[in-house]
Amino acid sequence: AAFRSIDTCGSGRLNDYMLEKYTRKYIIRGRDRFGSIGAHRQELVGDIVTNLMSSMGDKDGQPPSSVSMDDFLKWARVTNIEDVVDDYVTAQGLS
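What you are looking at is a predicted structure, and each value in this text was computed from that prediction instead of being measured. (Residues numbered from 1 in each chain as written. Predicted model: local features only at pLDDT ≥ 70, side-chain atom pairs only at ≥ 80, totals over all residues. Heavy atoms only, no water.)

**Q** Outline the overall build of the protein, listing residues and values.
**A** Secondary structure assignment for the protein yields six helices and two strands. Buried positions account for 34% of the 95 residues belonging to the protein. Taking all contacts inside the protein whose residues are at least 6 apart in sequence as the whole, residues at least 24 apart take part in 57%. Roughly 5,800 Å² of accessible area belongs to the protein as shown, and the carbon and sulfur atoms make up 47% of that amount. (Helix = DSSP H or I, 4+ residues; strand = E, 2+ residues; numbered from the N terminus. Buried < 20%, exposed > 50% of the residue type's maximum accessible area, 1.4 Å probe, protein only. Contact = heavy atoms within 4.5 Å. Areas by Shrake-Rupley, 256 points an atom, 1.4 Å probe, with all protein chains shown as cover.)

**Q** Just give me the short version of the packing of aromatic side chains, but keep the residues and values in it.
**A** Scanning the entire structure with this criterion turns up two aromatic pairs. A ring pair is formed by Phe72 and Trp75, whose centres lie 5.7 Å apart and whose planes are at 40°; its orientation type is tilted. Pair noted here: Phe72 and Trp75 are both in helix α5 (residues 69-78), with a separation of three residues, about one helical turn. For Phe72, a relative accessible area of 5% gives the class buried. By the ring-pair criterion, three or more aromatic residues cluster together here, those being Phe3, Phe72 and Trp75. (Phe/Tyr/Trp six-rings, centres within 6.5 Å; stacked < 30°, edge-to-face > 60°.)

**Q** Break down the packing of helix α2 (residues 16-28) against helix α6 (residues 81-91) for me, with residues and values.
**A** Two elements in contact, α2 and α6, have axes whose closest approach is 12 Å; the angle formed by their N-to-C orientations is 80°. Taken together, α2 and α6 sit at an angle that is classed as roughly perpendicular. Judged by residue contacts, Leu19, Tyr22, Thr23, Ile27 and Ile28 of α2 engage Ile81, Glu82 and Val85 from α6. Of the residues assigned to the contact of α2 with α6, the class counts are six nonpolar, one polar and one charged. (Axes fitted to C-alpha atoms, helices over the stretch in contact; angles between N-to-C directions. Parallel < 35°, antiparallel > 145°, perpendicular 65-115°, else oblique. Nonpolar A, V, L, I, M, F, W, Y, C, P; charged D, E, K, R; others polar.)

**Q** Outline the pattern of salt bridges, listing residues and values.
**A** Summed over all chains, the structure comprises one salt bridge. For Arg24, the salt bridge identified is with Glu20, shortest N-O distance 3.1 Å. In this pair, Arg24 and Glu20 are both assigned in helix α2, four residues apart and thus about one turn of the helix distant. (Salt bridge = Lys/Arg side-chain N within 4 Å of Asp/Glu carboxyl O.)

Dropping the structure here:
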């Protein structure tokens with residue numbers, strides 16, 4: 001269900017734009033309850049998306065341009081997108 005929520009064009013692949021849109025709408029916005037902390041989190045979305053894409057399929061030190069449904073599902077079996085975002089935000093001192 002999460003994959004289809006992110007894959008807005010129905011191509012069967014995720015790219016950074018789709019993941020950024022999903023992250024801003026469902027992950028970050030839902031946690032923006034504390035004024036300036038929320039604004040700082042929004043500023044981190046680009047870095048968070050790069051981190052997420054890399055964790056789904058790092059290719060020679062670079063994040064992939066897109067991720068297949070199979071690769072996403074393998075990643076999602078052992079990783080929770082919300083946990084990755086929370087860990088990144090905490091590492092930046094904004095938890």
